[in-house]
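As a plain string of letters, each chain reads:
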Amino acid sequence: MARPGNRGLVLQLGGLAVGMFAFGFLLVPLYDAMCRITGIGGRTNAVAATIATTQEVSERLVTVEFVTVLNEQAPWEFRPTVSSIQVRPGQLYDTAFFARNLTDGMLVGSAVPSVAPGQAAKYFVKTQCFCFTQQNFTAGEGRDMGVQFMVDPALPEFIDRITLSYTFFVNRPATAQLISGPTAGSTT
């Protein structure tokens, strides 16, 4: 039986545990909201995707640079097919990134986009992107992965250069699942 002094400590610790669980549960929606607002993590303003059909194309030119990131142990070749292009805000553009699996086994890749400067993220709209889905590669396979995007004409005038960067990494859980095949009782 707990002593009266210990009962208060147990209640405080229990309350702390419940509070930590609630904070962890709320962290994902808070992070998503922050990313939508700031463009962190490459999340851009999806509402602006309708601009392509409802707004005129600007005469202004903006340079969009494409950058790729791999850590030194990454089993990929990964690069943009072009290093930069000049775009007119309000017009849709297509580009691609090339990836090759440098191993002798299957791999699943995932890409995390980022837009810089941060103020430009909400004006940079990806309408199609390989980053939206996992990419399955067989041994030695290489391919172009497309991106369709536009720059919102409301982009502030002081921004004349935007960098779209992708970090490409091995999605180890998805790779393990791909290699092991469907699990028992799966309907896929």
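See above for the structure.
Now for a look at the structure at hand. (Residues numbered from 1 in each chain as written. Predicted model: local features only at pLDDT ≥ 70, side-chain atom pairs only at ≥ 80, totals over all residues. Heavy atoms only, no water.)

**Section: helix H3 (residues 172-180)**
In an α-helix, one turn spans 3.6 residues; hence positions three or four apart end up facing the same way.
Then comes step 1: Where H3 begins, one side-chain oxygen reaches toward the backbone nitrogen of Ala 174, 3.1 Å away; that side chain belongs to Asn 171.
Then comes step 2: Immediately beyond the C-terminal end of H3, within one or two residues, lies Gly 181, with a positive phi of roughly 85°. (Polar contact = N/O pair within 3.5 Å; in protein donor to acceptor, adjacent residues only side chain to side chain. Helix = DSSP H or I, 4+ residues; strand = E, 2+ residues; numbered from the N terminus.)

**Points about the sheet that holds strand E2 (residues 76-80)**
Backbone hydrogen bonds are what pair the strands of a sheet, in a parallel or an antiparallel way.
Then comes step 1: Pairing is antiparallel across the open sheet formed by four strands, whose spatial order is E2-E4-E8-E6. The sheet terminates laterally at E2 and strand E6 (124-129), the two strands that pair on one side only. Going across the sheet, the axis of each strand differs from the next one's by a mean of 25°, ignoring polarity.
Then comes step 2: Across five bridges, E2 lies against strand E4 (residues 93-101) in antiparallel orientation. Counterpart to Glu 77 in the pairing with E4 is Arg 100. (Pairing = 2+ DSSP bridges. Axes fitted to C-alpha atoms, helices over the stretch in contact; angles between N-to-C directions.)

**A look at the sheet that holds strand E3 (residues 84-87)**
Then comes step 1: With mixed pairing, five strands are arranged side by side in an open sheet as E3-E1-E9-E5-E7. The open sheet has two edge strands, E3 and strand E7 (135-137), and neither has a second partner. Shown here is a sheet whose adjacent strand axes are inclined to one another by a mean of 25°, direction ignored.
Then comes step 2: For strand E1 (residues 62-69) and E3, the ladder comprises four bridges, and the chain directions are antiparallel. Counted as the bridge partner of Val 62 is Val 87 from E3.
Then comes step 3: In the packing of H3 onto the sheet, contacts are made with strand E5 (107-116), E7 and strand E9 (161-170), and the angle to E5 comes to roughly 155°. (Contact = heavy atoms within 4.5 Å.)

**Some words on the side chain of Thr 163**
Then comes step 1: Positionally, Thr 163 belongs in strand E9.
Then comes step 2: Assessed through its relative accessible area of 19%, Thr 163 is described here as buried.
Then comes step 3: Within the structure, Thr 163 has its side chain in polar contact with the side chain of Glu 65 (distance 3.0 Å).
Then comes step 4: Among all residues touching Thr 163, those that are not within four sequence positions of it are Glu 65, Val 67, Ser 114, Val 115 and Ala 116. (Buried < 20%, exposed > 50% of the residue type's maximum accessible area, 1.4 Å probe, protein only.)

**Focus on the side chain of Ser 110**
Then comes step 1: The residue Ser 110 is located in strand E5 in this model.
Then comes step 2: In this structure the side chain of Ser 110 is engaged in a polar contact, spanning 3.1 Å, whose partner is the side chain of Asn 171.

Structural measurements only, silent on function.
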